[in-house]
Amino acid sequence: MAANSISLSGLARRLVVDELLEGEAAKEASEQAQKDRSPFVKHLVDNGLVSAIDIANAAADEFGTPLLDIDTLDPEVMPKSCLL
């Protein structure tokens, strides 16, 4: 089934548009996550379908929010009030 004939929205659609996930795989993952009562993103990561960082980047683009990699922050140079 072609990706454009599958009704996807939000992050699932974005992952397909970004070619991180096939349309049918996105649909199946969404359905399985609902059956398992598990969040869609958790299902994707737990089953190795899409990496967490790829999902984070796609979500940041889809929802128009910046992505902050906290691993790039140096706690030694941050004010103590930021570390509480």
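Now for the pattern of salt bridges. In the structure shown here, the tally under the stated rule is six salt bridges. A salt bridge links R14 to D18, with the shortest nitrogen-to-oxygen separation between them at 3.1 Å. Residue D46 is joined to K42 by a salt bridge in which the shortest nitrogen-to-oxygen separation is 2.5 Å. Of the two residues, D46 and K42 are both situated in helix α3 (residues 40-46); the distance of four residues between them amounts to about one turn of the helix.

Our next topic: the nonpolar core. Of all hydrophobic cores here, the largest spans 14 residues; its most connected members are L11, L15, L21, F40, L44 and I55. Considering each element in turn, this core owes the most residues, four residues, to helix α1 (residues 10-17). If we ignore the near neighbours within four places in the chain, the residues touching L15 are L20, L21, F40, L44, V50, I55 and A58.

Taken together, the buried positions of α1 are occupied by L11, A12, R14, L15 and V16. Looking at the packing, one finds that the buried side of α1 touches α2 (23-36), α3 and α4 (52-63). Positioned one or two residues after α1, E19 has a phi angle of 60 degrees, which is positive.

For the rest of this paragraph, the subject is the side chain of H43. One can find H43 in helix α3. H43 has contacts with A29, Q32, A33, D36, S38 and L49, leaving out every residue within four places of it along the chain.

Glancing now at unusual backbone geometry. A positive phi angle is found at E19, which is not glycine, with a value near 60 degrees. Note on placement: E19 falls in the loop between α1 and α2. Residue E19 is classed as exposed on the basis of its relative accessible area of 73%. Phi at R37 takes a positive value of approximately 55 degrees, unusual for a residue other than glycine. With respect to the secondary-structure elements, R37 resides in the loop between α2 and α3. The exposed category is assigned to R37, whose relative accessible area is 79%.

Calculation rules
Residues numbered from 1 in each chain as written. Predicted model: local features only at pLDDT ≥ 70, side-chain atom pairs only at ≥ 80, totals over all residues. Heavy atoms only, no water. Salt bridge = Lys/Arg side-chain N within 4 Å of Asp/Glu carboxyl O. Helix = DSSP H or I, 4+ residues; strand = E, 2+ residues; numbered from the N terminus. Core = buried A, V, L, I, M, F, W, Y, C linked by side-chain atoms within 4.5 Å. Buried < 20%, exposed > 50% of the residue type's maximum accessible area, 1.4 Å probe, protein only. Contact = heavy atoms within 4.5 Å.

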